[in-house]
Structure formats: C-alpha cells, structure tokens
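Below are the chains, spelled out letter by letter.
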Amino acid sequence: AQSVTQPDIHITVSEGASLELRCNYSYGATPYLFWYVQSPGQGLQLLLKYFSGDTLVQGIKGFEAEFKRSQSSFNLRKPSVHWSDAAEYFCAVGARDSNYKLTFGKGTLLTVNP
Amino acid sequence: GAGVSQTPSNKVTEKGKYVELRCDPISGHTALYWYRQSLGQGPEFLIYFQGTGAADDSGLPNDRFFAVRPEGSVSTLKIQRTERGDSAVYLCASSYGGGSWNEQFFGPGTRLTVL
C-alpha cells in the first residue's frame, strides 16, 4: 500500500522568504502526486499535481513542485511567500489501481511572519 | 459556481447516538468521496461512489459506518452507536466523471464531536 511522509509538522518563514515543504512517498510504481492547501474554515484546495512527463510542475498561487523518482520525493516550493500563504499543506499520493482514492500525509502547518 | 457543501458544519452528539452527515456535490459530478480527518492527521479515505453505487468502501472502519447516494447526487454518511473515537472532521469531495484522475473538489467538512 502507498504512504506519504511529511517530515515537518510546522514551518515558520518570514514574508518574502523562499519556501520548501518536503514530501516523501512510498509506492511500488510511478504514483500520481498531489499537493493540497487547507485554510481554516475552507475545504482542501488543489495546488498542483504530477501524473507523468516533465518532473517540474507549476501550480496555482505561484507554487511549483518537483518529482524526484530517485529520492521518492515531491517537494513543494515557492520563491517568495506571502502572508496569505499561511495554511496547512498536504501532500497526497494516488495509486494507479486504487479507485482514485487519495492517501494523504499528516500535513505541514505554515506560519508566515511579517 | 457552487462548490461542495456539507451539512451540518458542526455536530455534537453523545456516545451511543446515531448521526447522519450530508454532502451535496458539485452539480454534474458523478464521483463522490468521503474522507475522515482526525486531529493532527491528514484526511483518510472512507468510501468512493461512482453514480449511485459504492465502488470502493474499503476505508470504512467498521460496520457502524454506512453511506448512501440513492439518486447519484446527494450522499449521506451514517454512523450508528457513535463512539468518542469517531470524533473528527468528515470531508466530502466530488469529481467529474469516473475512470480517470479528475480533480477532487473538497467541501468544508462536518466537525463531529462525540461526548
């Protein structure tokens, strides 16, 4: 069965600083990979996804992520963080034979200091 | 357009009681998912509907949990004889079509507290 590890429970960055959120997955084949953001009182919103092809994927709100097969990683990055990016971020994996169900990591809470 | 809606937003019940949680998916979305998010955890899959039928209910923790989608639109998650461990946020998601990885759109969730 697939699994996702997000090693950082909580990260604090200053506004304008760069951001990298780590995600490692476990799955025997090439997975489908996703990053979601969850703001208080809001539903999960898809930031970006990787299915195949170019390993650097661009998403909404200026986010990007890079799939590295050799490291089983799919880290999320943003060059300059805005205060509105403060939220919880979830990495998720989908297996190709899994009836489209997502397996999520435990999430990383991002705090942005002014 | 309207997103996925869930009612109620909060539900407090006593141990042993029965509860129903409702999900209204985005119009036209044939796939519907229920997830459960416990405190400090990511969402965990419960059940997936394609149309009216449950295509995958492998995530339901035990037979106290049941979900229906009788007309292929609104879904209800039913929990019998609630236990304190059932306390969590229950999330519903819907997506367009089946047979492919279409984006799952999530509702705001129902926070269930079992006293």
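**Some thoughts on the interface of chain B and chain A**
- Taken together, the 21 residues of chain B in the interface contact 22 residues of chain A.
- Each partner contributes to the roughly 1,800 Å² buried at the junction of chain B and chain A, and carbon and sulfur atoms together form 58% of this total.
- In terms of surface lost to chain A, no three residues of chain B exceed Pro43(B), Trp101(B) and Phe106(B), which account for 39% of the buried area on that side.
- Here chain B and chain A share one salt bridge between them.
- Across the pair Lys101(A) and Asp56(B) runs a salt bridge whose closest N-O atoms are separated by 3.3 Å.
- There are six residue pairs in polar contact (both at pLDDT 80 or more) connecting chain B and chain A.
- Of all the secondary-structure elements, those providing two or more residues to the side of chain B that touches chain A are strand 4 (31–37), strand 5 (44–50) and strand 6 (53–56) of chain B.
- Partitioning the side of chain B that touches chain A into residue classes produces ten nonpolar, nine polar and two charged.

**Section: the sheet that holds strand 1 (residues 5–7) of chain B**
All names here are of chain B.
- If you trace the four strands from one edge of the open sheet to the other, you get 1-3-8-7, paired in antiparallel fashion. The sheet terminates laterally at strand 1 and strand 7 (65–68), the two strands that pair on one side only. Taken over all neighbouring pairs, the strand axes of this sheet differ in orientation by 15° on average, direction set aside.
- Sheet topology places strand 1 next to strand 3 (residues 19–24); three bridges connect them, and they run antiparallel. Bridging across to strand 3, Ser5 finds its partner in Asp24.

**Let's talk about the side chain of Thr108(A)**
Residue and element names in this part refer to chain A.
- Here Thr108 is to be found in strand 12 (residues 108–113).
- One polar contact links the side chain of Thr108 to the main-chain carbonyl oxygen of Asp8, over a distance of 2.6 Å.
- When neighbours within four sequence positions are excluded, Thr108 is seen to be in contact with Gln6, Asp8, Ile9, His10, Ile11, Leu21, Ala87, Glu88 and Tyr89.

**Regarding the environment of Gln45(A)**
Residues and elements named next belong to chain A.
- By the element assignment, Gln45 lies in strand 6 (residues 45–50).
- Owing to a relative accessible area of 34%, Gln45 belongs among the partly exposed residues under this scheme.
- Taking the C-alpha atoms as reference points, Gln45 and Trp35, separated by ten residues in sequence, lie 8.6 Å from one another.
- For Gln45, the residues in contact, after removing those within four places along its chain, are Trp35, Tyr36, Val37, Ile60 and Lys61.

**Let's talk about the nonpolar core**
All names here are of chain A.
- With 26 residues, the main nonpolar core has Leu19, Trp35, Leu47, Leu48, Phe74, Leu76 and Tyr89 as its most contacted residues.
- Going through the elements one at a time, strand 2 (10–14), strand 3 (19–21), strand 5 (32–38), strand 6, strand 8 (64–68), strand 9 (73–78), strand 10 (87–94) and strand 12 are the ones with two or more residues in this core.
- Considering every element that reaches this core, the biggest residue donor is strand 10, with four residues.
- Every residue in contact with Tyr89, bar those within four places of it in the chain, is listed here: Gln6, Leu21, Trp35, Tyr36, Val37, Leu47, Phe63, Leu76, Gly107, Thr108 and Leu110.

**Remarks on the pattern of salt bridges**
- Across all of its chains, the model carries nine salt bridges over all chains by this definition.
- In this structure, Lys78(B) engages Glu20(B) in a salt bridge whose closest nitrogen and oxygen atoms are separated by 4.0 Å. Of this pair, Lys78(B) sits in strand 8 (residues 75–79) while Glu20(B) sits in strand 3; the two residues are 58 residues apart in sequence, bridging distant segments of the chain.
- Residue Glu20(B) is classed as partly exposed on the basis of its relative accessible area of 41%.
- Asp86(B) is the salt-bridge partner of Arg64(B), the closest N and O atoms lying 2.8 Å from each other. Taken together, the residues Arg64(B) in the loop between strand 6 and strand 7 and Asp86(B) in the loop between strand 8 and strand 9 (88–95) connect sequence positions 22 residues apart. The exposure classification of Arg64(B) matches that of Asp86(B), with both residues buried.
- Connected through shared salt-bridge partners, Glu64(A), Glu66(A) and Arg77(A) make up one network.

The rules behind each value
- Numbering of residues starts from 1 in each chain and follows the order in which that chain's sequence is written.
- Chain A is the first chain written and ligand 1 is the first ligand written, with later ones labelled in order.
- With the structure being a predicted model, the display of local features is reserved for residues of pLDDT at least 70 and the display and counting of side-chain atom pairs for 80 or more, all residues being used for whole-chain, interface and lining totals.
- Side-chain metrics rest on all non-hydrogen atoms present in the structure, leaving aside hydrogens and water.
- The contact rule is simple, with two residues in contact once any of their heavy atoms fall within 4.5 Å.
- Using a 1.4 Å probe, buried area is obtained as the accessible area two parts lose upon being combined, added over both of them.
- Throughout this description, the term salt bridge denotes a Lys or Arg side-chain nitrogen within 4 Å of a carboxyl oxygen of Asp or Glu.
- In protein, a polar contact requires one atom able to donate a hydrogen and another able to accept it; more generally it is a pair of N or O atoms within 3.5 Å, and residues adjacent in sequence count only if both atoms are side-chain atoms.
- Here a helix means four or more residues in a row that DSSP labels H or I, a strand means two or more in a row labelled E, and each is numbered from the N terminus.
- Amino acids are sorted into nonpolar (Ala, Val, Leu, Ile, Met, Phe, Trp, Tyr, Cys and Pro), charged (Asp, Glu, Lys and Arg) and polar (every other residue, Gly among them).
- For two strands to pair, DSSP has to find at least two bridges joining them.
- In this description, a line fitted to the C-alpha atoms serves as the axis of each element, helices being fitted only across the stretch in contact, and the angle between N-to-C directions of two axes falls anywhere from 0 to 180 degrees.
- The rule is simple: take the accessible area with a 1.4 Å probe, protein chains only, and divide by the maximum for that residue type; under 20% is buried, over 50% is exposed, in between is partly exposed.
- Working definition of a nonpolar core: buried Ala, Val, Leu, Ile, Met, Phe, Trp, Tyr and Cys residues. They are joined through side-chain atoms within 4.5 Å.

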